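# Observations on chain architecture
One-letter residues, chain by chain:
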Amino acid sequence: MFNFENLQAWQHAIDFAHSVYRSTRTFPADERFSLTNQMRRAAVSVSSKIAEGSLRSSHVDFAWLVEISTGSLFEVVSQSFIAKQEGYLNSEEFGSPLRARGAGRPHPQRFTEFSHEG
């Protein structure tokens, strides 16, 4: 088992990516290489950056990578608004990725939750 697998934030990010994949399966074929791809790549980036950060020896570096992962999360949120406006997501699907376990910006004081010890 990798150290990052014990991080609750990483587990939540995996659930978030799964939710995004599930929600984008019904997008039109002509969106396959644009909005669908962008949303999926950004969703995968969230857990990837947390995993990468867990390997860093400094808390500052780790916090920086968590901040980048938060940016990826917000990319998906913004893209979800576009998908909803275009009629690709209904209200239930629109909220689904946003309700995924732990989706949301980690509070800076909660960085202790992202400890290197597992």
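So, here's what we can say about the structure.

Definitions and limits used
Residues numbered from 1 in each chain as written. Predicted model: local features only at pLDDT ≥ 70, side-chain atom pairs only at ≥ 80, totals over all residues. Heavy atoms only, no water. Core = buried A, V, L, I, M, F, W, Y, C linked by side-chain atoms within 4.5 Å. Buried < 20%, exposed > 50% of the residue type's maximum accessible area, 1.4 Å probe, protein only. Helix = DSSP H or I, 4+ residues; strand = E, 2+ residues; numbered from the N terminus. Contact = heavy atoms within 4.5 Å. Expected span 1.5 Å × (residues − 1). Polar contact = N/O pair within 3.5 Å; in protein donor to acceptor, adjacent residues only side chain to side chain. Bend = angle between axes of the 7 residues up to and from the residue. Phe/Tyr/Trp six-rings, centres within 6.5 Å; stacked < 30°, edge-to-face > 60°.

## Some remarks on the nonpolar core
One broad rule of soluble globular proteins: the nonpolar side chains tend to lie buried together. Core analysis: the biggest nonpolar cluster contains 24 residues, and F16, F27, M39, I50, V76 and A83 have the highest contact counts within it. Listing elements by their share of this core, those giving two or more residues are α1 (8-24), α2 (35-54) and α3 (59-85). If you tally residues by element for this core, the top one is α2, at seven residues. Not counting chain neighbours up to four residues away, the residues in contact with I50 comprise L7, A9, W10, A13, F62 and S69.

## Here we look at α3
The end-to-end C-alpha distance of α3 is 39 Å, a good match for the 39 Å that 27 residues give at a rise of 1.5 Å each. All of the buried residues along α3 are F62, L65, V66, S69, T70, S72, L73, V76, V77, Q79, S80 and A83. A distance of 3.2 Å separates the backbone nitrogen of V60 from a side-chain oxygen at the start of α3, and that oxygen is part of S58. Positive phi shows up at G87, right after α3, with a value of about 85°.

## Let's talk about α2
Here α2 is 20 residues long and its end C-alpha atoms lie 29 Å apart, about the 28 Å a rise of 1.5 Å per residue gives. If you look at α2, its biggest bend is around 25°, right at V46. Among the residues of α2, L35, T36, M39, A42, A43, S45, V46, S47, I50, A51, G53 and S54 are the ones counted as buried. Structurally, α2 contributes buried residues whose contacts are with α1 and α3.

## Quick word on the side chain of S69
Positionally, S69 belongs in helix α3. Leaving out residues up to four positions away in the same chain, S69 has contacts with S45, V46, K49 and I50.

## Some details on the packing of aromatic side chains
Considering all chains together, one arrives at three aromatic pairs under this definition. Arranged with centres 5.5 Å apart and planes meeting at 5°, the rings of F2 and F4 form a pair that is stacked. A residue is classified by how much of its surface remains accessible, and F4, at 18% relative accessible area, is buried. A ring pair is formed by F27 and Y88, whose centres lie 5.4 Å apart and whose planes are at 45°; its orientation type is tilted. Highlighted residues: F27 in the loop between α1 and α2 and Y88 in the loop between α3 and α4 (91-99), separated in sequence by 61 residues. Accessibility expressed as a relative area gives 16% for Y88, which makes it buried.

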